[in-house]
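# Commentary on secondary and tertiary structure
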Amino acid sequence: MKTPDSRFYCPLISVGTITLDENESSHAVRVCRACSGDVLQLSDGLGHYADAIIEVADAKACQVRVDTVIEAERARPKVSLGIACLKDDALEEVVFHAAQTEIDKIIFLRTDFSQEPKNSDLKKTVRRAELKSLVSLKQSKKAWMTAIEGPVEFDKWLESYKGDLILCDIDGDRQLNLSGTDNASASDSSGANESSNENATPITLLVGPEGGFSPREIEAIKAFQNGKVHLLNLGNTRLRARTAAIIALGKIL
């Protein structure tokens, strides 16, 4: 038996016989040329895996048998990314890269300086972003699929949010200590990042649009009371928003 070097998405993994949807069936049978008796690695994006043996290699309705469902050893990530709405395909590009990392969700934020078409509901962008997150789940072999949320008004989101914040800021620290100290300060750089995804408290990394958050929004972030606020410096050069998001994630994960 052979195992294709890919994971296949199955939203309801359970012991017994499962029929994969047409997209996953076609990918397994037509693209990967899987046959009856071959093993497919399934993931539901909710922390469950399974090795499934193909019983019927149908490109439209591939039937597989699952004997054991495996739970992920690591809990769902606590780190999320909140990024301002951007123009063109920049949001999709961010999702394509960011969703390959272990983050909980990506929130599209409508900020004072957001760059998006006027009167846009971003439904198509959100749908394409969800598809990119699904592709990233399978490609990166993560246990948890990165959720896509929004677009949401930044002020409303900040008012309802409870957890820690990381703001990309030129006055911030090059390295953050996110190990759960009691100092509600943005300037403690005494220790290296100690796996922020392992902390119990949710953390959201905030990345503004081109030109950054407005002065009013920055003051609101720094005055946030429902969690700690950290400031993160991304270096000496000016970065595009889409680049800043990935660089920042690399620093804290």
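Worth saying up front: this structure is predicted, and the values here are computed from it rather than measured.

## Quick word on the side chain of Ser25
In this structure, Ser25 sits in helix 1 (residues 22-31). If sequence neighbours within four positions are ignored, Ser25 has contacts with Leu20, Arg30, Asp58, Ala59, Lys60, Ala61 and Cys62.

## Considering the packing of aromatic side chains
All chains considered together, the criterion is met by four aromatic pairs. Here the aromatic rings of Phe154 and Phe213 are separated by 5.4 Å at their centres, their planes lie at 40°, and the arrangement is tilted. Pair noted here: Phe154 is in helix 4 (residues 154-160) and Phe213 is in the loop between strand 11 (203-207) and helix 5 (215-222), with a separation of 59 residues, a long-range link. Overall, the relative accessible area of 1% leaves Phe154 in the buried class. Joined through ring pairs, the aromatic side chains of Phe154, Trp157, Tyr161, Phe213 and Phe224 make up one cluster.

## Here's the deal with the nonpolar core
Formed by 32 residues in total, the largest nonpolar core has its most connected members in Leu81, Ile83, Ile106, Phe108, Ile166, Leu205 and Ile252. Only strand 7 (79-84), helix 2 (90-98), strand 8 (105-110), helix 3 (123-140), strand 11 and helix 6 (241-252) provide two or more residues apiece to this core. Residue contributions to this core peak at six residues, all from helix 6. Setting aside anything within four residues of it in sequence, one finds Leu205 in contact with Ser80, Leu81, Gly82, Ile166, Cys168, Ala245, Ala248, Leu249 and Ile252.

## Examining the sheet that holds strand 11
An order of 9-8-7-11-10-12 is seen for the six strands of this open sheet, with the pairing classed as parallel. Single-partner strands in this sheet number two, and they are strand 9 (147-153) and strand 12 (229-232). Averaged over neighbouring strand pairs, the angle between their axes works out to 30° when direction is ignored. Inspection of the sheet shows strand 7 paired to strand 8 by four bridges, in the parallel sense. Counted as the bridge partner of Leu81 is Ile106 from strand 8. Running at roughly 165° to strand 7, helix 2 makes contact with strand 7, strand 8 and strand 9 of the sheet. Contacting strand 10 (164-173), strand 11 and strand 12, helix 5 crosses the sheet at an angle of about 120° to strand 10.

Conventions we followed
Numbering of residues begins from 1 in every chain and follows the order in which that chain's sequence is written. Note on the predicted model: pLDDT of at least 70 is required for a residue's local features to be given, and 80 or more for side-chain atom pairs to be given and counted; whole-chain, interface and lining totals, by contrast, use all residues. Hydrogens and waters are ignored; side-chain quantities use all the structure's heavy atoms. Only DSSP runs of H or I reaching four residues or more are called helices, and only runs of E reaching two or more are called strands; each is numbered from the N terminus. We call two residues in contact when some of their heavy atoms are within 4.5 Å. Centres within 6.5 Å make a pair out of two Phe, Tyr or Trp rings, where for Trp the six-membered ring is used; the pair is then stacked when the planes are under 30 degrees apart, edge-to-face when over 60, and tilted otherwise. Classification of residues uses two cut-offs on accessible area relative to the type maximum, computed with a 1.4 Å probe and protein chains only: under 20% is buried, over 50% is exposed, and between them is partly exposed. In these notes, a set of buried Ala, Val, Leu, Ile, Met, Phe, Trp, Tyr and Cys residues joined through side-chain atoms within 4.5 Å is what counts as a nonpolar core. Two strands qualify as a pair provided DSSP detects at least 2 bridges between them. What counts as an axis is a line fitted to C-alpha atoms, over the stretch in contact for a helix, and the angles between N-to-C directions run from 0 to 180 degrees.

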